Amino acid sequence: VTNLQRAVSSKTSIPALEGILIRSEENRLILTAYDLEIGMQTELPAIISAPGAIILTAKLFAEIVRRSPDEDITIDVDDRNTATITSGVSCFTIIGMDSAEFPELPKITDADTIKMPQELLKSMIRQTLFAVADSTAKPIHQGSLFKIENGNLDVVSVDGYRLALRREAINYANNTEFVVPGKTLIEISKILSGETEDEVSIFFTKNHIVFEFDDTVVVSRLIEGEYFRIDQMLSSDYETKIQVNKKELLDCIDRATLLVKESDKKPIILSITDDNIELKIQSQIGSMDEEIDINKEGKDIMIGFNPRFLIDALRVIDDETVDIYLMNPKAPCFIRDEQQSYIYLILPVNFMA
């Protein structure tokens, strides 16, 4: 029920969408939530005395379940759509809605299928989701591109200031691409188990995508439109390459943000020389100056970035050291590994040297 609440509509003129559809069949209970954009359905083993269905207000039903004093819960539904929920010494009687008012989830037929470990999908979402554009951007960039080409799955997010790409080999022969809403990916990542041995099956058509794992099914609309041509942004050229301890760099930038308010857009300035990188930030509150040892190839460079963008990328990288590639103070920097299993592009900002 807690997971299903993620697909319950909070603002709707259709009362049924504020509820969870509860349906009993044979020896199982089927629970469904659907806000017309994302739908979730899960099955639970149950002792069924008679088949039936009812819609119960999600928020109230979830609280009753959460606070139930006993492990077992009994739900009795009469012909007036009234449910009696009993658990131990507790007994609630609440008014529900006719199950016929609940919209059907989209039917997915003739869909292509991908199978992959839940842990891998969860990781790929986590490492790219932060760069999805907010609700003020074009709808197409409010989602992540899933691009399958030559046996590789790329998950890509772009918000106009940065790009996040995560690449992994998968067992799928065709080339295709589609855009999954960021909202869907947020909810999916929260309920995936994260266990390597557990699989998730992904079914997709022109308009919908379905994630099926454990006893749960999540269905979502896809975003229509032409995604940003990421190939135009990716370059292997550089004039400066540095290798630096990820934790040291991340901690240093994190300390620098103590001097920057949320509304303040002061850049952090990176001055890269032969054997170290000097990080400086100056705001109305004060200033900070810190040095970190690095390995460097190429030219010295001074460049400025939004510190939050650097932090977001570094936090999701699991490697101990990171390679950063730079061209000039006005060109984007790339953070990527040798295999290019991840690529993070960040645009610099102007600063007064």
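In this numbering scheme, every chain counts its residues from 1 along its sequence in written order. Confidence filtering applies because this is a predicted model: local features only for residues at pLDDT of at least 70, side-chain atom pairs given and counted only at 80 or more, and all residues used for totals across whole chains, interfaces and linings. Values reported for side chains reflect all heavy atoms of the structure, with hydrogen atoms and water molecules removed beforehand.

1. Let's talk about the overall build of the protein chain
Part 1 of the argument: Of the regular secondary structure elements, the protein chain holds 5 helices and 24 strands.
Part 2 of the argument: For every residue, the accessible area (1.4 Å probe, protein chains only) is compared with the maximum for its type, and the residue is labelled buried under 20%, exposed over 50%, or partly exposed between those bounds. Split into buried and exposed, the 353 residues of the protein chain put 46% on the buried side.
Part 3 of the argument: Look at the contacts in the protein chain between residues 6 or more apart in sequence, and 64% of them connect residues 24 or more apart.
Part 4 of the argument: Each accessible area value is a Shrake-Rupley result obtained with a 1.4 Å probe; residue values ignore everything except the protein chains displayed when judging cover. When the accessible area of the protein chain is evaluated, it comes to approximately 18,700 Å², of which 46% is carbon and sulfur surface.
Part 5 of the argument: When charges are counted, neither His nor the chain ends are considered; positive counts come from Lys and Arg and negative counts from Asp and Glu. Charge coordinates come from a single atom per side chain, which is NZ of Lys, CZ of Arg, CG of Asp or CD of Glu. Side-chain charges of the protein chain comprise 36 positive and 59 negative groups, with the mean position of each set lying 6 Å from the other. Starting at the N terminus, helices and strands are each numbered in turn, a helix being any DSSP run of H or I of at least four residues and a strand any DSSP run of E of at least two. Should any heavy atoms of two residues lie within 4.5 Å, those residues are considered in contact.

2. So, the pairing of strand β15 (residues 216-221)
Part 1 of the argument: A pair of strands is labelled paired if DSSP reports no fewer than 2 bridges between them. As judged from the 5 bridges shared by strand β3 (residues 38-45) and β15, these two strands associate in the antiparallel manner. Among the inter-strand pairings, M40 is bridged to a residue of β15, identified as V218.
Part 2 of the argument: Sheet analysis places strand β14 (residues 208-213) next to β15, joined by 6 bridges and oriented antiparallel. Directly across from V210, in β15, lies its bridge partner V219.

3. Concerning the sheet that holds β3
Part 1 of the argument: Spatially, β4-β1-β2-β3-β15-β14-β13-β8 is the arrangement adopted by the 8 strands of the open sheet, whose pairing is antiparallel. Two strands lie at the open edges of the sheet, namely β4 (52-57) and β8 (112-117), each paired on one side alone. Here the average twist between neighbouring strands, direction ignored, is 15°.
Part 2 of the argument: Seen against the sheet, helix α1 (residues 58-66) touches β1 (19-25) and β4 and runs at an angle of roughly 95° to β4.
Part 3 of the argument: Whenever a helix is involved, its axis is fitted only over the stretch in contact; in every case the axis is a line through C-alpha atoms, and angles between N-to-C directions fall within 0 to 180 degrees. Sheet contacts for helix α2 (residues 118-126): β8, β13 (199-204) and β14; angle to β8, the most-contacted strand, approximately 95°.

4. Observations regarding the environment of D323
Part 1 of the argument: Note that D323 resides in strand β22 (residues 321-326).
Part 2 of the argument: Judged by relative accessible area, which is 8%, D323 ranks as buried.
Part 3 of the argument: Through-space distance from the C-alpha of D323 to that of I20 is 48 Å; in sequence the pair is 303 residues apart.
Part 4 of the argument: Here D323 is in contact with K241, I242, Q243, F334, I335 and R336, once residues within four sequence places are set aside.

5. As for empty space enclosed by the protein
Part 1 of the argument: Computed over the protein atoms alone on a 1 Å grid, cavities are sets of points where a 1.4 Å probe fits but cannot get out and pockets are open sets with protein on both sides within 12 Å along at least five of seven lines; a residue lines them when it has an atom within 4 Å of a point. Grid points are joined across faces, edges and corners, and a volume is the space filled by probe spheres set on the points. Considering all chains together, one arrives at 1 cavity of 30 Å³ or more under this definition.
Part 2 of the argument: Reported here for the largest cavity is a volume of approximately 30 Å³.
Part 3 of the argument: If you trace the largest cavity, you find it lined by I242, L270, F305, L310, I324, L326 and C333.
Part 4 of the argument: Its residues placed into classes, the lining of the largest cavity shows 7 nonpolar, no polar and no charged. Each residue gets one label: Ala, Val, Leu, Ile, Met, Phe, Trp, Tyr, Cys and Pro are nonpolar, Asp, Glu, Lys and Arg are charged, and the others, such as Gly, are polar.

6. Here we look at the state of the cysteines
Part 1 of the argument: Cysteine sulfur atoms are paired as a disulfide whenever they fall within 2.5 Å. The final tally for this structure, using the stated rule, is 0 disulfides.
Part 2 of the argument: No disulfide involves C252; its sulfur sits 15 Å from that of C333, the nearest cysteine.

7. Focus: the packing of aromatic side chains
Ring pairs (aromatic) are described by centroid distance and by the angle formed between their planes.
Part 1 of the argument: Stacked, edge-to-face and tilted labels apply to pairs of Phe, Tyr and Trp rings (six-membered ring for Trp) whose centres lie within 6.5 Å, assigned for plane angles under 30 degrees, over 60, and everything in between, in that order. Considering all chains together, one arrives at 7 aromatic pairs under this definition.
Part 2 of the argument: Ring geometry for F146 against F178: centres 5.7 Å apart, planes inclined by 15°, an arrangement best described as stacked. Residue F146 is found in strand β9 (residues 143-149), and its partner F178 is found in strand β12 (residues 176-181); the two are separated by 32 residues along the sequence.
Part 3 of the argument: Using a relative accessible area of 8% as the deciding quantity, one classes F178 as buried.
Part 4 of the argument: Centroid distance Y238 to Y325: 5.0 Å. Interplanar angle 70°. Geometry classified as edge-to-face. You can see Y238 sitting in the loop between β15 and β16 (240-245) and its partner Y325 sitting in strand β22, a full 87 residues away along the chain.
Part 5 of the argument: We classify Y325 as buried; its relative accessible area is 8%.

8. Focus on the sheet that holds strand β7 (residues 90-95)
Part 1 of the argument: Taking strand neighbours across the sheet as the criterion, the 3 strands line up as β5-β6-β7 in an open arrangement whose pairing is antiparallel. Each end of this open sheet is capped by a strand with a single partner; those strands are β5 (74-77) and β7. Across this sheet, the average inter-strand angle for adjacent strands is 20°, counted without regard to direction.
Part 2 of the argument: With 6 bridges connecting them, strand β6 (residues 82-87) and β7 associate as antiparallel partners. Across the sheet, the residue bridging to T84 is T93, located in β7.
Part 3 of the argument: Relative to the sheet, α1 contacts β5, β6 and β7, its axis offset from that of β7 by approximately 175°.

9. What to know about the packing of helix α4 (residues 246-256) against helix α5 (residues 307-315)
Part 1 of the argument: Close contact between α4 and α5 brings their axes to 10 Å; oriented N to C, the two are set at 145°. In this structure, α4 meets α5 at a crossing whose hand is left-handed. Across from K246, L249, L250, I253 and D254 in α4, the residues of α5 making contact are P307, L310, I311, L314 and R315. For a crossing to be left-handed, the near helix must be turned anticlockwise from the far one by less than a right angle; the clockwise case is right-handed.

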